[in-house]
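Geometric and topological summary
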Amino acid sequence: MFFDSHAHYDDERFKDDRFETIMKAYESGVTYILNASSNIASSVDTVSLTREFDFVYGAVGVHPHCADEINDDTYKTLKELTKEDKIVAIGEIGLDYYYEYSPKDVQKFHFAKQIALAKELNLPIIVHDRDAHKDTMDIIKSENAKDTGGVFHCYSGSVEMLKEVLDNNFYISVGGALTFKNAKKLVEVVEYVPLDRLLIETDCPYLTPEPHRGKRNDSSYVRYVAEKISDIRGIETEKVAEITMDNAKRLFGIK
Ligand code: NI
């Protein structure tokens, strides 16, 4: 049984077959899914998904791409949405200097502010960090995100950075990128990471693992990530599934 700790079923690429795709993933053994949000509309859709499917949980928040859409009402709405039973995290939030769709200063400001909200609500955060390792860690430290913890999704840092991530009470999550040919740095990270700090994810519809790279991703493909971890760590895939399931439930406070 797998826990896909990061999916985007509110994405328009699922608009024609959302229900079937989610049910197909469940029947393939993915018995828990966390849907991560990108902005307010997506957070509202995430809440709907958690109501529709017993096994879907959610995070609400504003992705760094959309940071310049944020206004005062955004925070009121986010807070309201967290009153839902199955909203278990704030995310995804962070910094994206690769695309830089929102100005860096705006991204930093709202990353810090959403960390403060998560701390106030006592919820873990889901961190998106793309080409922004230093500023991401600086903000995690200056905002004392350690107090509430969370996960670096699609972790792309080094083993050195991982030590800091772990010291600050964070987990890491790995997805399809681990199965790619050029995954050397990520393989080293997976060799090193304590197994009780590791989650698995798809980030679907993006980042489809081998051997399906190029197709639309969905949660049923999370098993390829678990199989790759199994190869790297020399433990059975079922054991990887069990450990990452326990970790995700502990992090998100799911019984
Ligand atoms: Ni994502």
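Structure first, text after, so check above.
The paragraphs below set out a description of the structure included in this document. Sequence positions are assigned chain by chain, starting from 1 and proceeding in written order. pLDDT decides what is reported in this predicted model: residues at 70 or higher carry local features, side-chain atom pairs at 80 or more are listed and counted, and totals for whole chains, interfaces and linings draw on all residues regardless. As a rule here, side-chain values come from all non-hydrogen atoms in the structure, and water together with hydrogens is ignored.

Observations concerning the packing of aromatic side chains
- A pair of Phe, Tyr and Trp rings is counted when the ring centres sit within 6.5 Å of each other, with Trp represented by its six-membered ring. The angle between the planes then sorts it: under 30 degrees is stacked, over 60 is edge-to-face, the rest tilted. According to the stated counting rule, one finds twelve aromatic pairs in the structure shown.
- With a centroid separation of 4.4 Å and 35 degrees between ring planes, the pair formed by Tyr26 and Phe55 is classed as tilted. Of this pair, Tyr26 sits in helix α1 (residues 18-27) while Phe55 sits in the loop between α2 (40-52) and β3 (56-60); the two residues are 29 residues apart in sequence, bridging distant segments of the chain.
- Exposed residues in this analysis have more than 50% of their type's maximum accessible area, buried residues have under 20%, and partly exposed residues fall in between, with area computed by a 1.4 Å probe over protein chains only. Classification of Phe55 by relative accessible area gives buried; the value is 9%.
- Relative to Tyr101, the ring of Tyr99 has its centre 5.2 Å away and its plane inclined at 25 degrees; by these criteria the two rings are stacked.
- For Tyr99, a relative accessible area of 40% gives the class partly exposed.
- Relative accessible area serves as the criterion here: at 51%, Tyr101 is assigned to the exposed category.
- By the ring-pair criterion, three or more aromatic residues cluster together here, those being Phe3, Tyr32, Tyr57 and Phe252.
- Its guanidinium or amino end placed over the ring of Tyr98, Arg130 lies 3.7 Å from that ring's centre, counting from NZ or CZ.
- A cation over an aromatic ring shows up here: Arg213 above the ring of Phe180, its NZ or CZ 3.5 Å from the ring centre. Here a strand is any run of E in DSSP of at least two residues, a helix any run of H or I of at least four, and the numbering for each starts at the N terminus. Whether a charge lies above a ring is judged from NZ of Lys or CZ of Arg, which has to be within 6 Å of the ring centre and within 35 degrees of the ring normal.

Some points on the pairing of strand β4 (residues 87-96)
- Across the ten residues of β4, ten count as buried, placing the element largely inside the fold.
- The sheet contact formed by β3 and β4 spans three bridges and is parallel. When the bridges of β4 are listed, Gly58 appears paired with Ile87.
- Where β4 meets strand β5 (residues 125-130), six bridges bridge the pair, whose relative direction is parallel. Across the sheet, residue Leu95 finds its bridge partner in β5, namely Asp129. One requirement defines pairing of two strands: DSSP has to find at least two bridges between them.

Some remarks on the coordination of the nickel ion
- In this structure, His6 (NE2), His8 (NE2), Glu92 (OE) and Asp203 (OD) serve as the protein donors to the nickel ion, at separations of 2.1 to 2.4 Å.
- Metal donors were taken as nitrogen, oxygen and sulfur atoms no farther than 2.8 Å from the ion, or 3.2 Å where the ion is Na, K or Ca. Water is excluded, so coordination may look unfinished. Sequence spacing of the donor residues for the nickel ion, all on one chain, is H-x1-H-x83-E-x110-D. Residue His6 is found in strand β1 (residues 2-7), and its partner Asp203 is found in the loop between β8 (198-200) and α8 (222-233); the two are separated by 197 residues along the sequence.
- Judged by relative accessible area, which is 0%, His6 ranks as buried.

Here we look at the sheet that holds strand β2 (residues 30-35)
- Strand order across the open sheet formed by eight strands is β1-β2-β3-β4-β5-β6-β7-β8, with parallel pairing between neighbours. Across the chains shown, the open sheet's two edge strands, defined by having one partner strand only, are β1 and β8. The mean inter-strand angle of the sheet, taken between neighbouring strand axes irrespective of direction, is 30 degrees.
- This element, helix α4 (residues 104-121), spans β4 and β5 of the sheet and lies at about 160 degrees to β4. Lines fitted to C-alpha atoms define the axes here, with helix axes fitted over just the stretch in contact, and angles between the N-to-C directions of these axes take values from 0 to 180 degrees. Any two residues having at least one pair of non-hydrogen atoms within 4.5 Å are treated as being in contact.

A closer look at the environment of Asp10
- Tracing the chain through its elements places Asp10 in the loop between β1 and α1.
- Measuring from C-alpha to C-alpha, the distance between Asp10 and Ser230 comes to 30 Å, with 220 residues separating the pair along the chain.
- Setting aside chain neighbours within four positions, we find Asp10 in contact with Arg18, Asn35, Ala36, Ser42, Asp45, Thr46 and Leu49.
- The definition of a polar contact used here is a pair of N or O atoms within 3.5 Å, where within protein one atom must be able to donate a hydrogen and the other to accept one, and adjacent residues in sequence count solely through side-chain atom pairs. A distance of 3.0 Å separates the side chain of Asp10 from the side chain of Ser42, its partner in a polar contact.

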